[in-house]
Amino acid sequence: MDHVEKARNLFLAGANCAQAVSGAFADLCRMEEGQLFQLACGFGGGVGRMREVCGAVSGMTLVADILYAPKEIGKEGKDDQYARIRELAERFRQETGSIVCRELLGIEPGRKESAVSAERTPEYYRKRPCVEMVALAASILEEYIAQNPFVR
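It should be emphasised that the depicted structure is a prediction, and the values quoted were computed from it without experimental measurement. (Residues numbered from 1 in each chain as written. Predicted model: local features only at pLDDT ≥ 70, side-chain atom pairs only at ≥ 80, totals over all residues. Heavy atoms only, no water.)

**Side note on the packing of aromatic side chains**
And then number 1: All told, the structure shown has four aromatic pairs when counted by the stated rule.
And then number 2: Where Tyr-68 meets Tyr-144, the ring centres are 5.6 Å apart and the plane angle is 80°; that geometry is what we call edge-to-face. Placement of the pair is Tyr-68 in helix α5 (residues 55–68) and Tyr-144 in helix α9 (residues 130–147), with a sequence separation of 76 residues.
And then number 3: Given a relative accessible area of 15%, Tyr-68 falls into the buried group.
And then number 4: Grouped by ring-pair contacts, the aromatic residues Phe-11, Tyr-124 and Tyr-125 constitute a single cluster.
And then number 5: Taking NZ or CZ as reference, Arg-120 lies 4.2 Å from the ring centre of Phe-11, over its face. (Phe/Tyr/Trp six-rings, centres within 6.5 Å; stacked < 30°, edge-to-face > 60°. Helix = DSSP H or I, 4+ residues; strand = E, 2+ residues; numbered from the N terminus. Buried < 20%, exposed > 50% of the residue type's maximum accessible area, 1.4 Å probe, protein only. Lys NZ or Arg CZ within 6 Å of the ring centre and 35° of its normal.)

What follows is the structure, given as structure tokens:
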């Protein structure tokens, strides 16, 4: 199963958007899915359902950090990683028009939402583009990795 299909399946199984994207790349990250689910949990719903940066973009960032970010503190390598994350996010923005959860969902600015996640019903999946956002982020990341091998 490719990473895009895996991300879709994880989301449809109940993972949040960040968990679905990051969990789909567990094989490349050399981590258990559960570890990635823990690391990504709070990024769902645009960070704790605050509807800020899309969780799919956050999941993409998490995987890119695991695969490419420097292991030491300091400027060296950090700027390269920032540029990489901007490139990935820009690819997502070009496809969707935004990287902001509330904008992708059409939620008016200033509207406060509960921290309680919505029940996953057929209606939920019909009215939300999240599974497509997850697939897009996984596709962008998969393509990036194919063109930019990482060193372990």
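**Things to note about helix α6 (residues 78–96)**
And then number 1: Spanning 19 residues, α6 covers 27 Å between terminal C-alpha atoms, matching the ideal 27 Å at 1.5 Å per step.
And then number 2: Of the residues making up α6, those classed as buried are Gln-81, Arg-84, Ile-85, Leu-88, Ala-89 and Phe-92. Projected down its long axis, α6 shows its buried positions confined to an angular sector of 125°, all on one face. Facing away from the buried side of α6, by more than 90 degrees, are the exposed residues Asp-80, Arg-86 and Gln-94.
And then number 3: In this structure, the buried side of α6 is in contact with α5, α7 (101–105) and α9. (Expected span 1.5 Å × (residues − 1). Arc of directions from axis to C-beta. Contact = heavy atoms within 4.5 Å.)

**Re the side chain of Arg-51**
And then number 1: Positionally, Arg-51 belongs in the loop between α4 (33–40) and α5.
And then number 2: Of note is the side chain of Arg-51, whose polar atom sits 2.8 Å from the side chain of Glu-113.
And then number 3: Residues within four places of Arg-51 in sequence aside, it is in contact with Gly-45, Gly-46, Val-100, Cys-101, Arg-102, Leu-105, Ile-107, Glu-113 and Arg-128. (Polar contact = N/O pair within 3.5 Å; in protein donor to acceptor, adjacent residues only side chain to side chain.)

**As for the packing of α5 against α6**
And then number 1: Contact geometry for α5 and α6: axes closest at 10 Å, N-to-C directions at 145°. Judged by the twist between their axes, the crossing of α5 over α6 is right-handed. From α5, Ala-56, Val-57, Met-60, Thr-61, Ala-64, Asp-65 and Tyr-68 reach across to α6, where they touch Gln-81, Arg-84, Ile-85, Leu-88, Ala-89 and Phe-92.
And then number 2: Taken together, the residues that form the contact of α5 with α6 break down as nine nonpolar, two polar and two charged. (Axes fitted to C-alpha atoms, helices over the stretch in contact; angles between N-to-C directions. Left-handed = near helix turned anticlockwise from the far one by under 90°. Nonpolar A, V, L, I, M, F, W, Y, C, P; charged D, E, K, R; others polar.)

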